Amino acid sequence: MASTKEDVKLLGMVESPFVGRVDIALNLKGIQYKYEVENLKDKSELLLKYNPVYKKVPVLVHNEKAISESLVILEYIDETWKQNPILSSDPYKRAQARFWSKFIDDKFINAARKALYTHDEKEREKGVEEIEEALHLFENELKDKFFGGEEIGIVDITAVIIAYWLPIIQEAFGVKLFTSDKFPRLYNWSQDFNNHPVVKEHLPPRDTLMTYYKGHYERHIASK
């Protein structure tokens, strides 16, 4: 098992749900690390050095070896530090967890961008429909307290964008996509997840995210 005293850095920004995934996973594992705050409008030499291909966050640097892309990083963390596993040892369950983690990024996030950032009304309506379909499918996969069972797993961590970020983003944009009436089981899961002691301690302040995404909304409206 890797030592918690090794050189671990996380390059990120608090407003990013993708960085939030990695932050939560590292803390669930009890890994000590240094958080390097990045500004994507003025990218640091460190970021360009460690992620020259995409030039974005998150980037995990472990003993000077850089890993980028949040889902890749989550699996690296689980394989490197064995305590408090976030992926099952069962091959089928691991495959299913990978499938639903990718589902969030491929289906939900793409639909959310369409619903929130598209000026065309028909495309925006289509995005809303796609979000609701994705959330219903995702909710149907919830069989226990968490998607990982009784403990938080990789799918729960990946879905932090739904549990914590989405309610703030939808308020900032003045829309209702994820509500307790439409998705009662998923909503209850989100409350359990957000209030998990480790998760709760490492979620960014709500006001910080609200200010950030209201700025997004105002720029979106101004660009019409």
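None of these values were measured; they are calculated from a predicted model. (Residues numbered from 1 in each chain as written. Predicted model: local features only at pLDDT ≥ 70, side-chain atom pairs only at ≥ 80, totals over all residues. Heavy atoms only, no water.)

**Q** Would you explain helix H10 (residues 206-222) in this entry?
**A** Side chains three or four residues apart in an α-helix point the same way, a direct result of the helix having 3.6 residues per turn. Look at H10: 24 Å from first C-alpha to last across 17 residues, which is about the 24 Å you get at 1.5 Å a residue. Among the residues of H10, those classed as buried are Leu209, Met210, Tyr213, Gly215 and His220. Buried positions along H10 lie against helix H1 (17-29), helix H4 (91-117) and helix H7 (160-173). (Helix = DSSP H or I, 4+ residues; strand = E, 2+ residues; numbered from the N terminus. Expected span 1.5 Å × (residues − 1). Buried < 20%, exposed > 50% of the residue type's maximum accessible area, 1.4 Å probe, protein only. Contact = heavy atoms within 4.5 Å.)

**Q** Looking at this structure, how should I read the packing of helix H5 (residues 121-140) against helix H8 (residues 184-194)?
**A** Where H5 contacts H8, the two axes come as close as 9 Å, and the packing angle between them is 70°. It follows from the interaxial angle that H5 and H8 lie roughly perpendicular. Listed contacts from H8 to Leu135, Phe138, Glu139 and Asn140 of H5 are Pro184, Arg185 and Leu186. Residues that form the contact of H5 with H8 fall into these classes: four nonpolar, one polar and two charged. (Axes fitted to C-alpha atoms, helices over the stretch in contact; angles between N-to-C directions. Parallel < 35°, antiparallel > 145°, perpendicular 65-115°, else oblique. Nonpolar A, V, L, I, M, F, W, Y, C, P; charged D, E, K, R; others polar.)

**Q** Just checking my understanding: could you explain the packing of helix H3 (residues 70-80) against H4 for this structure?
**A** To characterise two packed helices, one gives the angle between the axes of the helices and the distance between these axes. Interaxial distance between H3 and H4 falls to 11 Å at its minimum, and their mutual angle equals 150°. The angle between H3 and H4 falls in the class roughly antiparallel. Of the two elements, H3 crosses H4, and the hand of that crossing is right-handed. In this structure, H3 contributes Leu71, Glu75 and Glu79 to the contact, and H4 contributes Arg94, Arg98, Ser101, Lys102 and Asp105. Taken together, the residues that form the contact of H3 with H4 break down as one nonpolar, one polar and six charged. (Left-handed = near helix turned anticlockwise from the far one by under 90°.)

**Q** Looking at this structure, how should I read the environment of Ser101?
**A** For Ser101, the location among the structural elements is in helix H4. On the accessibility criterion, Ser101 (3% relative accessible area) is buried. Beyond its immediate stretch of four places on either side in the chain, Ser101 contacts Leu71, Ile154, Val155 and Thr158.

**Q** Teacher, can you tell me more about the side chain of Asn194 here?
**A** Assignment of secondary structure puts Asn194 in helix H8. A polar atom in the side chain of Asn194 sits 3.0 Å from the backbone oxygen of Ala163. The contact partners of Asn194, leaving out residues within four places of it in the chain, are Ala163, Tyr164, Val199, Lys200 and Leu203. (Polar contact = N/O pair within 3.5 Å; in protein donor to acceptor, adjacent residues only side chain to side chain.)

**Q** Could you clarify how one ought to interpret the pairing of strand S3 (residues 59-62) in this entry?
**A** In the case of a regular strand, side chains alternate between the two sheet surfaces. By the alternation rule, side chains of S3 split into Val59 and Val61 and Leu60 and His62, which are all buried. Sheet topology note: the strand S1 (residues 8-12)/S3 ladder contains four bridges and is antiparallel. When the bridges of S3 are listed, Val8 appears paired with His62. One ladder, built from four bridges, connects S3 with strand S4 (residues 65-68); its direction is antiparallel. Bridge pairing in S4 places His62 opposite Lys65. Between S3 and S4, which follow one another and run antiparallel, lie two residues, and Asn63 among them has a positive phi close to 50°. (Pairing = 2+ DSSP bridges.)

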